[in-house]
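If you want the building blocks of each chain, they are given just below.
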Amino acid sequence: MIVRILGEGQLEVPDSAVAELNQLDATLEAAVERSDEAAFRPALAALLAKVRDVGSPTEADDLRPSELIIPQPDATMAEVRKLLTDEGLIPG
Amino acid sequence: MVAPMGVMKRVTMVFRAKANKALDRMEDPRETLDYSYQTQLELLQKVRRGVADVATSRKRIELQINTLHQNGAKLDRQARDSLAAGREDLAREALTRKAGVQTQLDDLQTQYESLQAEEEKLTQASQRLQAKVDAFRTRKETIKATYTAAEAQTRINEAFTGISEEMGDVGLAIQRAEDKTAQMKARAGAIDELMASGALDDMVSGPRDDIQAELDRLGATHGVDRELEQMKAELASSAPRQIENTPAGSSDGAATAPASAASTVEPSEQE
């Protein structure tokens with residue numbers, strides 16, 4: 001499965017890691033829903049760390065789309081909210 | 001409320017929606033592919049301009065850092081000179097100003113590093129997009145040459161969605177970089193204005209550099225004193241008895257003519 005970290009590129013992640021990633025993602029989503037800034041940053045960091053740990057970068061000319069997309073590491077909670085809703089922000 | 005499905009999935013859906021809309025509009029994908037390729041090239045141009053913009057901002061900050069470094073070094077020198085001249089008050093003033101310059105420097109250094117990181121990120125984004133655009137062009141030419149419109153549709157879907165996602169990511173990166181450079185430009189402009197107005201200049205290198213003026217005066221006084229001592233020593237060795245006879249008179253004469261002392265000593269040294 002291919003996962004994209006915004007601003008960094010795509011990684012190939014083994015399907016066996018998906019359950020754990022979803023769990024970390026649920027924590028992140030809950031933090032965003034509660035506007036819990038204190039929980040948000042470590043949740044995003046933990047998700048990114050796991051993806052980097054289990055994933056390996058795809059070739060740059062690989063045209064396959066990603067199944068999952070993670071916000072950039074320095075994203076603020078406001079930026080993540082925008083990513084979840086604002087369709088106008090993506091050009092092309 | 002929306003049922004929880006995870007941030008990753010939701011972000012992906014937003015990215016996909018854009019690509020799907022474009023795919024739905026395709027009547028003959030073979031023509032749309034050419035149009036899409038044009039858009040990709042334009043985005044490549046844009047990301048390269050973005051890299052250049054960030055680099056310009058970074059260089060401007062670099063120049064300001066160099067100027068402030070020089071100011072700081074000068075103040076440091078002045079503080080040492082002041083101390084050597086026994087003027088602790090002047091030294092304290094110079095060090096206080098140096099601390100002010102250092103605060104500015106620390107702030108600029110942080111901005112500089114942030115711009116450097118941004119430049120690096122954009123450069124890599126540009127390289128990734130370039131690789132995908134090249135791959136897309138090859139795929140597109142093959143499809144145009146080989147398949148009917150209906151076949152082309154299914155063949156291009158994945159590549160189109162993939163490149164659309166990359167373009168979305170790059171577009172966001174450009175946006176972030178633009179925001180950051182705009183902030184930096186404003187701050188760099190404020191510092192340039194400060195320098196131009198003389199507010200920073202006055203502290204260290206302007207025409208009203210009071211610390212330097214005081215040090216120069218101290219230096220001049222010390223020079224005169226030293227030369228006087230030298231002259232006294234010379235006179236004492238050549239005619240010790242005369243000096244002994246008129247101790248009060250000779251020192252009075254030296255004190256009343258400090259201005260002429262500087263100009264008259266040099267020729268006497270050459271003799």
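Per-chain numbering applies: the sequence of each chain, read as written, is numbered from 1 onward. All chains are assigned letters beginning at A, and all ligands numbers beginning at 1, according to the order in which they are written. At least 70 in pLDDT is required for a residue's local features to be given in this predicted model, at least 80 for side-chain atom pairs to be given and counted, and no such filter applies to totals for whole chains, interfaces and linings, which use all residues. Computation of side-chain values: all heavy atoms of the structure, hydrogens and water removed.

Engineer: For this particular structure, what's the right way to read the overall build of chain B?
Structural biologist: Helices and strands together make up the secondary structure of chain B, namely nine helices and zero strands. Evaluated residue by residue, chain B yields a buried proportion of 38% over its 271 residues. Should any heavy atoms of two residues lie within 4.5 Å, those residues are counted as being in contact. In chain B, the proportion of contacts linking residues at least 24 apart, taken out of those at least 6 apart, comes to 86%. Here a helix means four or more residues in a row that DSSP labels H or I, a strand means two or more in a row labelled E, and each is numbered from the N terminus. Relative accessibility under 20% of the residue-type maximum defines a buried residue, over 50% an exposed one, and the middle range a partly exposed one, all with a 1.4 Å probe and only protein chains included.

Engineer: What is the right way to read the layout of surface pockets from this model?
Structural biologist: To find leftover empty space, a probe the size of one water molecule is rolled over the atoms. Lining residues are defined by having an atom within 4 Å of a point belonging to a cavity or pocket. Those points lie on a 1 Å grid over the protein atoms alone, cavities being sets where a 1.4 Å probe fits but cannot get out and pockets being open sets with protein on both sides within 12 Å along at least five of seven lines. Grid points are joined across faces, edges and corners, and a volume is the space filled by probe spheres set on the points. In this structure, the largest pocket spans a volume of roughly 330 Å³. Taken together, 14 residues make up the lining of the largest pocket; nearest its centre are A:Gln72, A:Glu79, B:Leu172, B:Arg176 and B:Asp179. Going through the elements one at a time, α3 (77-85) of chain A together with α4 (149-197) of chain B are the ones with two or more residues in the lining of the largest pocket. With six residues, α4(B) is the largest single contributor of residues to the lining of the largest pocket. Residue polarity is assigned by list, with Asp, Glu, Lys and Arg as charged and Ala, Val, Leu, Ile, Met, Phe, Trp, Tyr, Cys and Pro as nonpolar; anything else, Gly included, falls into the polar class. Taken together, the residues that form the lining of the largest pocket break down as three nonpolar, four polar and seven charged.

Engineer: Sorry if this is basic, but what is going on with the nonpolar core here?
Structural biologist: Nine residue types can take part in a nonpolar core, namely buried Ala, Val, Leu, Ile, Met, Phe, Trp, Tyr and Cys, and a core is a set of them joined through side-chain atoms within 4.5 Å. Ranked by internal contacts, the top residues of the largest apolar core, which has 47 residues, are B:Ile61, B:Leu122, B:Leu129, B:Phe136, B:Ile156, B:Phe160 and B:Val170. For this core, the secondary-structure elements that each account for two or more residues are α1 (7-25), α2 (29-84), α3 (88-146), α4 and α6 (210-238) of chain B. Those residues within four positions of B:Val170 in sequence are excluded, and the remaining contacts are B:Leu43, B:Val47, B:Ala125 and B:Leu129. Core analysis: the second largest hydrophobic core is formed by 30 residues, A:Leu6, A:Ala75, B:Val7 and B:Phe15 among them.

Engineer: Mind showing me how you'd approach the pairing of strand β1 (residues 2-5) of chain A here?
Structural biologist: Within a regular strand, the side chains alternate between the two sheet faces. All names here are of chain A. Alternating residues of β1 divide into Ile2 and Arg4 and Val3 and Ile5, and every residue in both groups is buried. Only when DSSP finds a minimum of two bridges between them are two strands counted as paired. Here β1 pairs with strand β2 (residues 9-12) via four bridges, running antiparallel. The residue bridging Val3 from the neighbouring strand is Leu11, located in β2. Connecting β1 to the antiparallel partner β2 that follows it, the hairpin turn spans three residues, and Gly7 within it adopts a positive phi of roughly 85 degrees. Taken together, the three bridges between β1 and strand β4 (residues 68-70) define a ladder with parallel strand orientation. Following the sheet pairing, Arg4 is matched in β4 by Ile69.

Engineer: Would you mind going over the interface of chain B and chain A with me for this structure?
Structural biologist: By a widely used convention, the size of an interface equals the accessible area lost when the partners come together. Facing the 38 residues of chain B at the interface are 40 residues of chain A. Both sides of the chain B and chain A interface together cover about 3600 Å² of buried area, and 59% of this is carbon and sulfur. Once two parts are brought into contact, the accessible area they lose, counted with a 1.4 Å probe and summed over both, makes up the buried area. Interface area lost by chain B to chain A is led by B:Val7, B:Met8 and B:Val14, which between them contribute 20%. Linking B:Arg10 and A:Glu33 is a salt bridge whose minimum nitrogen-to-oxygen distance equals 3.2 Å. In protein, a polar contact requires one atom able to donate a hydrogen and another able to accept it; more generally it is a pair of N or O atoms within 3.5 Å, and residues adjacent in sequence count only if both atoms are side-chain atoms. Our count for the chain B to chain A interface comes out at 21 residue pairs in polar contact (both at pLDDT 80 or more). Breaking the side of chain B that touches chain A down by element, the ones donating at least two residues are α1, α3 and α4 of chain B. For the side of chain B that touches chain A, the leading source of residues is α4(B), giving 15 residues. Per-class residue counts for the side of chain B that touches chain A are 16 nonpolar, seven polar and 15 charged. Salt bridge, as applied in this entry: a Lys or Arg side-chain nitrogen positioned within 4 Å of an Asp or Glu carboxyl oxygen.

Engineer: Before we go on, may I ask you to explain the sheet that holds strand β3 (residues 56-57) of chain A in this structure?
Structural biologist: Spatially, the four strands line up as an open sheet ordered β3-β2-β1-β4 (chain A), and their pairing is mixed. The open sheet is flanked by β3 and β4 of chain A, the only strands paired with a single partner.

Engineer: Can you walk me through the side chain of B:Ser36 in this structure?
Structural biologist: Residues and elements named next belong to chain B. Structurally, Ser36 is set in helix α2. In this structure Ser36 comes out as buried when scored by relative accessible area, which is 9%. Non-local contacts of Ser36, meaning those with residues more than four positions away in its chain, are made with Phe136 and Phe160.

Engineer: Looking at this model, I keep getting lost on the confidence of the model for chain B. Mind explaining?
Structural biologist: As a general rule, the predicted coordinates of low-pLDDT regions are not to be interpreted in detail. Residues and elements named next belong to chain B. Confidence along chain B averages 81 in pLDDT terms, with 82% of residues attaining 70 or more. Ranking the elements of chain B by mean pLDDT puts helix α9 (residues 258-270) last, at 45, and α3 first, at 92. With pLDDT under 50 throughout, residues 247-271 is counted as low confidence; its partners more than four residues away or in other chains account for six contacts. Quick note on the complex model: pTM equals 0.74, ipTM equals 0.90. Scored from 0 to 100, pLDDT reflects the predictor's confidence in each residue.

Engineer: Quick question: what am I supposed to make of the pattern of salt bridges here?
Structural biologist: For the structure shown, the criterion picks out 28 salt bridges over all chains. What you see here is one network of salt bridges that share partners, running through A:Arg4, B:Arg128, B:Lys132, B:Glu165, B:Glu166 and B:Asp169.

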